[in-house]
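Secondary and tertiary structure notes
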Amino acid sequence: MGLREYVIRRSIYMFLLVVAVVCFNFFLFRLPTFLFGANPISLMLSDELRRNLTQDLLEQMYANFGLVMNPDIFDWIYMFWRYIVSMFTGNFGVSFLTKRPVMDSIVERLPNTLLLMGTSSMVSILLGIWTGVKVASNPGSKKDIGAVTVALFVYALPVFWLGMMLLMVFGYMLPLWTETTFGIRIGFPQFGTISYEIWEVARTSPFGALIVAGDVLHHLFLPMITLGIGGYGGYFLYMRNNLIDVMTEDYILTARAKGLDENQVLYKHGMKNAMLPMVTVIALTFGFLINGATLTETVFTWRGLGRFIFESLIALDFPVVQAIFMIIAITAILANFVADLLYGVLDPRIKYG
Amino acid sequence: MNINRRNRLLAYTLVTAFVFMALSPALSSAQPVFTLVDLNVGPNAEKVVFKVIATEDNMILAMQSGAVDLHDSFIEPTTIPIFDADPSIEVSENILRNAYGHIVMNNAKSPMNWTAFRRAFAFAFDKTRVQSEVFQGLSQLHDSLVVYTNDLFTIEDDLPYHYYLPEVERGNQLLNDSGFGFDPVTGYRTDPNGNPIHIEVAYSPSSQAIAGGTAQIGVDALRALHVSAETNQEDFNTYSSNLDQHGDYDMIFYATIFYGKTLNYLVQRYGSEYADVPYQNPSNFRNETIDRILDDIQNARTYEEAFAACAEFQLEMQYLVPILITYENFYLQGYRTDRFKGHLVDRGRYLNSKWNLQRLINLDDSYGGTINLRIGQEPDTFNIFTSNSGYTSNIVSTMYSLLYDFGPDLDPYPVLAESYTEETHADNPNVPAGHHRFTFNVIQNATWSDGTPFTAEDVAFTFTYLQETLPLGNPSGASLADANLVAAYAPSPYQVVVEFGTESYWNFGVAAYNYIIPKHIFEPGGPVGYEGWNTWNPANNPEDPFVTLGPYKFNDFEAGEFYEVTIDPNWAYLPEDRFATPTTSTTPTGGPTEPVFDATLAIVAGAVGAAVVILVGGFVLLRQK
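The structure reproduced in this document is the subject of the present report. From a predicted model like this one, the values you see are computed outputs, not experimental measurements. (Residues numbered from 1 in each chain as written. Chains lettered and ligands numbered in written order. Predicted model: local features only at pLDDT ≥ 70, side-chain atom pairs only at ≥ 80, totals over all residues. Heavy atoms only, no water.)

**Details of the overall build of chain A**
Heads up, the condition is: In this description a helix means any DSSP run of H or I spanning at least four residues, a strand means any run of E spanning at least two, and both kinds are numbered starting from the N terminus. Contacts are assigned to residue pairs with any non-hydrogen atoms lying within 4.5 Å of each other. Using a 1.4 Å probe, the Shrake-Rupley method yields the accessible areas, and only the shown protein chains count as cover for residues. Only four residue types enter the charge count: Lys and Arg as positive, Asp and Glu as negative, with His and the chain ends excluded. Here the site of a charge means atom NZ of a Lys, CZ of an Arg, CG of an Asp or CD of a Glu.
Tallying secondary structure elements over chain A gives 16 helices and zero strands in all. A separation threshold of at least 6 residues defines the contact pool for chain A, and within that pool the share at least 24 residues apart is 71%. With an accessible surface of roughly 17000 Å², chain A has 70% of that area assigned to carbon and sulfur atoms. The average position of the 24 basic charges and that of the 24 acidic charges among the side chains of chain A differ by 8 Å.

**Remarks on the sheet that holds strand E16 (residues 417–424) of chain B**
All names here are of chain B. To keep things clear, this is the line we draw: DSSP-based pairing: two strands are paired if at least 2 bridges between them are found. Every axis corresponds to a line fitted to the C-alpha atoms, with the helix fit spanning only the stretch in contact, and the corresponding angles, defined between N-to-C directions, vary from 0 to 180 degrees.
Read from one edge of the open sheet, four strands run E16-E17-E19-E18, paired in antiparallel fashion. With one partner strand each, in any of the chains shown, E16 and strand E18 (485–492) form the two edges of the open sheet. Taking the axes of each pair of neighbouring strands and ignoring which way they run, one obtains an average angle of 15° across the sheet. Alignment of strand E17 (residues 436–442) against strand E19 (residues 495–500), held across six bridges, turns out to be antiparallel. Bridge pairing links arginine 437 to glutamate 499 in E19. Where helix H15 (residues 456–469) meets the sheet, its contacts fall on E17, E18 and E19, and the angle it forms with E18 comes to roughly 160°.

**Considerations on the pairing of strand E21 (residues 562–567) of chain B**
Residues and elements named next belong to chain B. Quick reminder of the rule: The rule is simple: take the accessible area with a 1.4 Å probe, protein chains only, and divide by the maximum for that residue type; under 20% is buried, over 50% is exposed, in between is partly exposed.
When you tally the buried positions in E21, you get six out of six residues, the bulk of the element. As judged from the six bridges shared by strand E20 (residues 552–558) and E21, these two strands associate in the antiparallel manner. Bridge pairing in E21 links phenylalanine 557 to tyrosine 563. A loop of three residues connects E20 with E21, the two strands running antiparallel in sequence, and glycine 560 in this loop sits at a positive phi of about 80°.

**Quick look at helix H8 (residues 142–156) of chain A**
Residues and elements named next belong to chain A. Condition: Here, expected helix span is obtained from the residue count minus one, scaled by 1.5 Å. Here the arc refers to the set of directions running from the helix axis out to each C-beta atom.
Between the first and last C-alpha of H8 there are 21 Å, a value that for 15 residues agrees with the 21 Å anticipated at 1.5 Å per step. Within H8, the full set of buried residues consists of Asp144, Ala147, Val148, Ala151 and Val154. Seen end-on, H8 carries its buried residues on one side only, within an arc spanning 140°. Along H8, exposed side chains directed more than 90 degrees from the buried face belong to Lys142, Ile145, Phe153 and Ala156.

**Observations regarding the pairing of strand E13 (residues 370–375) of chain B**
Residue and element names in this part refer to chain B. Taken across its six residues, E13 has six buried, putting it largely inside the fold. Here E13 shows no split at all, with Thr370, Asn372 and Arg374 on one side and Ile371, Leu373 and Ile375 on the other all buried. Pairing of strand E1 (residues 47–52) with E13, which is carried by six bridges, proceeds in the parallel orientation. By the bridge assignment, lysine 51 is partnered in E13 with arginine 374. Here strand E2 (residues 70–71) runs beside E13; their pairing, made up of two bridges, is parallel. Bridging across to E13, histidine 71 finds its partner in arginine 374.

In structure tokens, the structure reads:
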């Protein structure tokens, strides 16, 4: 079987997997309802509204949100069928929280998430690979032990704590100190993706777009560093261990015997081969980009999908979580598939069949 | 000599008394007195920017750095020293909250269905511990189901006895006398039928200090009564569903917030007929005497009748204790004092109320400036009919107006109305028997934000709109249907008549406390109409009109980041010299000046760019090796 047959077979498997995930998600998100009778309508009712609530009004509210009061088995079957049809026709409905189409709410937040996750993933990956390669050439040395210790320590730190510490130091203490000492505030913003004060200037400036872009980068720095540093440990260990294995291979011995200098052996022969498994990991990382980073986004009030997912889960905003989880499932499955294909492209020894 | 000394003493005394009388207004902490004109006059600031800051920690940092002047939530007592350390930040500690914390008991489940058990729990519960340990003194002991700030109806100070201090012996005696025995094996109590008792006091983990602390004090009280008990953290969805759907729970701690001083909600909250109705009567309470009293409250036609019924209700409930009030706390809120002054104590909506946002003025008494206010979440929608977010109401309350609004003392305060009369058949034979008619005289110089004059037709139409969209699912009209609105019309451009088919003391609130909407926008054939009541989504949908009538109007926003409202130059209550005298620029005075060119920004942008170049260049070089 060649590549074409492999692609066709994998495509069918992927489609079936997506269907299974979508079906599973219906029950997963409604678990609080099944177990505890939890109900999104409860959160939508202010105290004022409860005082004026009539049975008719309540039933109408349920109907407006596509829910059923006291559903029986047939109501559940009907809701499940409607859910499956909507998922596969792209009609994700209206968010209970924002009262707007789900896709509008997702599309608004997606760029922020991709920006944060993309840049922080790059930082993690590049930092991890760079440090991994640096120490793999001399395993067991003080440098290697030190690097492993630091990587594990940082990896084990709670990312929200790291974020809060960076925020306090670079978002509050540093600006305060520079203002007191030099009369100018140098530091990083404490919340959001852009500052109102910068935005107010930008909206009347011919260079508004550039100013806003710069401000976004300014706001991005701390959360990006938080996630980047907090996550590099995994890539470091993976790269280091792969490279140590590769450096024991015969062709490395041959390369040395041919008289190549150690840097050429390490980077041209060793690292290239050690990168092969990393490709899979990196592809999967980018496949899960739209997960967002709930804790970091909350600490920095970064308006991304991670925080939105969390808020929607708490509020039992089914339309939103259903849509996002379906998108995540599709991107993860696709990323895995792309990783498999890439592996075959990069390594001629890999055959499909 | 003695006479001279006496005369001198007398003179000194008189002078001292005179000086004291002259100075005592300045020395006292009495709140500023506001008149009919005062509260509505404004706004003094140019803009209000509502900044979304998700976490309390970020909010504190933002307050400390001056990024915000006010915030929208109450802080825990442990945060006070952090704010106190900053000379530019004050913490309001004297606003008694129009809310209370309580432990709701499931009155349909044993042993909570026994009045003796509930009373024993109330006697054993130590409210002074809540005051000292949980709130560090910043709360008030309270028993009545009517909150203390509701000075129209509360009889807290006149209750014959209180549950403030723990009386464990008395509680145990009550249980002994009522047949609550002991399990010989466990040593814990059994109910009068011999069934073992175990009680879970649920609370939300989002407020470990307050909710967890109070729930633990409840468990301690139960254990002092030899009842097996424990706390149980439950997420908000779970316990609210238990309350709303009359689920299987024992006791749940949470807080209830009140608006204004109306009490006609008591029927749905404690009436027996609502004990099985979803979203009503969360404690599953049933009592015929209380039902009779609730009928009296509902049908009261005068304040005296309403007060008498409410007083009787509180007395009975003090005995029956369907829910145990655990505290009424002070609303702790931080605010910066280095840019604006004039902060007003508002018992309903606190320092972030619309009255404050109108009233705050620069320290040098000049107009202008931007008030930065933190909100904890982004608004859900600016559709006033579908929004159920307190964060949205923060913003919306600055842009829409009512005939009367809750003043800082929670009493009705005229906004769009100048005055009103109310008549029944007894006052005016032209009013049909059993009807209740209100005639409001509305202000004559108001204009909607699009320049359209405001008239009584807008008010009359508002009632029609709420009534007509109720069958379409608009919940805002439900109270009108309850009160049996029979007519709303404008006999003249500045007079509107609202008539109900029921006579009730509470009808004023039904008539007065509705956001008034522009007729030319919402009438059939208009941009929104009846069918668009729930799809209208201004600001988020640029095509939807956003016409308002308030001190501020919506200007611009960045979704999820900040929302900017600016002064509405058409506002009827602008100070006469508001635009006559030069105002300060929107750059705030006294605080940190935001540079147009940000050095840090330039450094970061350059560093990121350089890093990208280095990385790409490095990669290319490595490949070439």
